[in-house]
Amino acid sequence: MAVGAIMDHGGKEYPGKLTRQVLVTCFIAAAGGLIFGYDIGISGGVTSMAPFLKKFFPSVYRREELDIGGTNQYCKFDDTLLTLFTSSLYLAALVASLVAAPMTKKMGRKWSMVAGGLLFLAGALLNGAAQNVGMLIIGRVLLGFGVGFANQAAPVYLCEVAPYKYRGALNMLFQLSITIGILAANLINYFTAKMKNGQGWRVSLGCAAIPALIFMVGSLFLPDTPNSLIGRGRHDEGLRQLRKIRGVDDVEEEFSDMVAASEASKGVKSSQWSNLVQRKYRPQLVMVICIPFFQQFTGMNVIMFYAPVLFKTIGFGSSASLASALISGGVNCLATLVSIYVVDKKGRRFLFLEGGIQMLLCQIFVAACIGWKFGMNGDPGQLPTWYAWTVVAAICIYVAGFAWSWGPLGWLVPGEILPLEVRSAGQSVNVSVNMIFTFVIAQSFLRMLCVMKFILFAFFACFVAGMTVFIFFLLPETKGIPIEDVAAVWKSHPYWKRFVNEDDEITVRKNKNDVI
C-alpha cells in the first residue's frame, strides 16, 4: 500500500439516486465558478489591448507599442499599477471570504451566493463604464467581494448536496465553470480586440455582468442544503429536502448522521475559528492551508492571468497571442471534463500525483525552450513559427495536467474533508489562502518575469515537485466516502493518526481510571 493511502474507512453506504434536482442545483451553484473564471481570463487579454493601455497605463503603452528605449522583452509589461489592476480583486476576495464565513453559517449557503453574484454584477458595470484608474480599481474590488462570497459558499454547497458516490464529479462542476468562464473571456477578448472604435476593452469588462446575472438569479431559486437547514434548527425542512435531493424516502440513517454532526458542532463551546486550531483538526487545517498555497504556486494562474501578455512576450503578435490564449483556455476546459469522469473512479491521490508529474516535466521543458531562444537579454531575434508553437503545445500539456488535477481538486478536497463544526471557518481559510497567494502571484509575476527571465518557470517547477511529494506522504484517499464520515480517514493514516486519535486515547485512559 502506498504511503498515505487508506484501504478501509468503515464508511456507510447511504441509499439515494443522482436525481434531476441534484443535477440542476449543482449546475446552478457551480455557476459561481463562471464569475471567477471570467475574471481570470478577461484581465490578461484586456491588458494586452493597446487602446486600454493607452488610456489607463500610457507608460506601458509607450514601452510596448512604440518600443521606446529598446526595453528588454521580459520587462515591457512590468508596471506596479498595471499589476494592481489585476491583483486588487484577490485582496478584496480575501476580505470578503472572512465576512462570508459567519454569513454562510447563520443564513445558509444560498444567500452568500446571491450576495456574491450581486457584488460581482456591480463591479462589472463599474469597470465597463470606467473613465479613470480609480474607477477601474474600485470596480475590481467589488468584483473581488463577489468572488470571495461565491468561492466560500459554492464549493461547500456542492459537497453537501451531492450524493457521496458522485461528490467528486459534481463538485468539479465548479472548476468546469471556472474553465468555461476563462474560455468565454478569451473568446470575447479575441473579437473585441478587433473592434475599430478602440472600445473593445469596455465590452470585455462589461460582459462580466452576464455570468454574474446567471449566478445571482439562479441562486435565488436554489434550496438550501439539508446540512445547513439542520444546523439552523430546521430539522423537518432538512429531512424533506434530503428526501427530495436523494430521490428516495429511506434517508433516516443519513439524516440521523447529519443531526448528530450538527448537535456535536453545537456542543462545541468555542467558536469555529478557535476550534479549527485544536490539535484534533490539525490534518484539516494543514490541508486547507497547504493545498490552496500549492495550487497558486503551480504557476497556472500566471498562464491564465497573463496568457496573452506571456505569448506576446515569447514572440507572438497581438492577435496571435490572444488566439494562443484561446487555445490554452479550450484545453483547460476539455481536460476538466476528463477529471470529472475519472475522479470518483481513480481517486483524488491518483490525479494529484499524475498531474503534478506532468506539470513538472512541462515547466522544465518550457524554461529550457525560452532560455535557449531568449537567453538573459530577452532578445529572441526572428522567432521560427515551429518553435513558438512548440512552446504553446508544451504550455497546453501543462494546462491539461493542472486542469485534471490541482485545479478542481484544490476546491474539492478542502471542501469535503472539513467536519461540520469547522466547515465554514475551514472553507474561509481555504479561500483566504487561495486569494492571498493569487494576489501575491498576480502582483509580482511581471516583475519576477523581468528579473528572473526564463528561470521563473523553473522557480514554479520547484514548488510543483514539493507539492507532489506533500500529497504522496500526507493526503489520504477520500473517494466514495460520505461527507460526514470523511473524518475517519485520518485515524488510520500513518502520520495524522497521532493527532486525531489523541482524544480517543484520553477517553480510554479516563474510563480505565473510573473502573479502577
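Being a predicted model, the structure only gives us computed values, none of them experimental.

Q: Before we go on, may I ask you to explain the side chain of E416 in this structure?
A: Along the chain, E416 falls in helix α21 (residues 406–417). You can call E416 buried: its relative accessible area is 0%. At 2.8 Å, the side chain of E416 forms a polar contact with the side chain of R167. In contact with E416, other than residues within four places in its own chain, are C159, R167, R348, T478, I483 and V486.

Q: Teacher, can you tell me more about the nonpolar core here?
A: The nonpolar side chains of a soluble globular protein tend to be buried with one another. Counting residues in hydrophobic clusters, the biggest one holds 139 residues, and the most contacted among them are F52, M287 and W406. Sorting elements by how many residues they give to this core places helix α7 (residues 133–161) first, with twelve residues.

Q: Looking at this model, I keep getting lost on the pattern of salt bridges. Mind explaining?
A: Opposite charge on two side chains lets them pair, provided their charged atoms get close. Tallying each qualifying case throughout the model produces ten salt bridges. A salt bridge links D39 to R140, with the nearest nitrogen and oxygen atoms 2.3 Å apart. One end of the pair, D39, is in helix α2 (residues 32–46); the other, R140, is in helix α7, and 101 residues separate them in sequence. What makes D39 buried here is its relative accessible area of 2%. A residue is classified by how much of its surface remains accessible, and R140, at 0% relative accessible area, is buried.

Q: Whenever I open this one, the packing of aromatic side chains confuses me. Can you help?
A: One pair of aromatic rings is described through two measures. These are the centre distance and the angle between the planes. The final tally for this structure, using the stated rule, is 28 aromatic pairs. Considering the side-chain rings of F56 and W201, the 5.1 Å spacing of their centres and the 90 degrees angle between planes classify their relative orientation as edge-to-face. In this pair, F56 is assigned in helix α3 (residues 50–56) and W201 in helix α10 (residues 200–206), connecting sequence segments 145 residues apart. Both residues of the pair, F56 and W201, count as buried.

Q: Where do I start with helix α13 (residues 235–246) in this structure?
A: Along an α-helix, a turn takes 3.6 residues, which lines up residues three or four apart on a common side. Between its terminal C-alpha atoms α13 stretches 16 Å, which fits the 16 Å expected from twelve residues at 1.5 Å a residue. Looking at α13, one finds that the buried residues are G238, L239, Q241, L242, I245 and R246. The arc that holds every buried residue of α13, seen down its axis, measures 165 degrees, which confines them to one face. Turned more than 90 degrees away from the buried face of α13 sit D236 and R240, all of them exposed. Buried residues in α13 make contact with α1 (20–30), α7, α12 (226–231) and α14 (252–266). Among the residues trailing α13, G247 stands out with phi positive, at a value near 75 degrees.

Q: Is there a simple way to explain a nonpolar patch on the surface in this structure?
A: Together, M107, W111, L213, V217, L220 and F221 make up a nonpolar patch on the protein surface, roughly 590 Å² of accessible area in all. If you tally residues by element for the nonpolar patch, the top one is helix α11 (residues 209–220), at three residues. Along the chain, W111 falls in helix α6 (residues 109–128).

Q: Can you walk me through the packing of helix α16 (residues 282–296) against α21 in this structure?
A: The angle between the axes and the distance between the axes are what describe a pair of packed helices. Between α16 and α21, whose axes approach to 10 Å, the crossing angle comes to 165 degrees. In terms of orientation, α16 lies roughly antiparallel with respect to α21. Crossing of α16 against α21: the hand is left-handed. Between α16, through Q284, M287, V288, I291, F294 and Q295, and α21, the contact on the second element is made entirely by W406, G407, G410, W411, V413, P414 and I417. Of the residues that constitute the contact of α16 with α21, the class distribution is nine nonpolar, four polar and no charged.

Q: So what exactly am I meant to see when it comes to the packing of α21 against helix α22 (residues 423–452) here?
A: Where α21 contacts α22, the two axes come as close as 9 Å, and the packing angle between them is 155 degrees. Here α21 is positioned roughly antiparallel relative to α22, judged by the angle of their axes. Relative to α22, the crossing made by α21 is right-handed. Taking contact as the criterion, the partners of G410, W411, P414 and G415 in α21 are, on α22, Q427, N430, V431 and N434.

Q: How should the environment of C159 be read in this particular structure?
A: Residue position: C159 is located in helix α7. Ignoring sequence-local partners within four residues, the contact set of C159 consists of R167, N171, L412, G415, E416 and I483.

Rules used in this analysis
Residues numbered from 1 in each chain as written. Predicted model: local features only at pLDDT ≥ 70, side-chain atom pairs only at ≥ 80, totals over all residues. Heavy atoms only, no water. Helix = DSSP H or I, 4+ residues; strand = E, 2+ residues; numbered from the N terminus. Buried < 20%, exposed > 50% of the residue type's maximum accessible area, 1.4 Å probe, protein only. Polar contact = N/O pair within 3.5 Å; in protein donor to acceptor, adjacent residues only side chain to side chain. Contact = heavy atoms within 4.5 Å. Core = buried A, V, L, I, M, F, W, Y, C linked by side-chain atoms within 4.5 Å. Salt bridge = Lys/Arg side-chain N within 4 Å of Asp/Glu carboxyl O. Phe/Tyr/Trp six-rings, centres within 6.5 Å; stacked < 30°, edge-to-face > 60°. Expected span 1.5 Å × (residues − 1). Arc of directions from axis to C-beta. Patch = residues over 30% accessible without salt bridge, like charges linked within 9 Å, V, L, I, M, F, W, Y side chains within 5 Å. Areas by Shrake-Rupley, 256 points an atom, 1.4 Å probe, with all protein chains shown as cover. Axes fitted to C-alpha atoms, helices over the stretch in contact; angles between N-to-C directions. Parallel < 35°, antiparallel > 145°, perpendicular 65-115°, else oblique. Left-handed = near helix turned anticlockwise from the far one by under 90°. Nonpolar A, V, L, I, M, F, W, Y, C, P; charged D, E, K, R; others polar.

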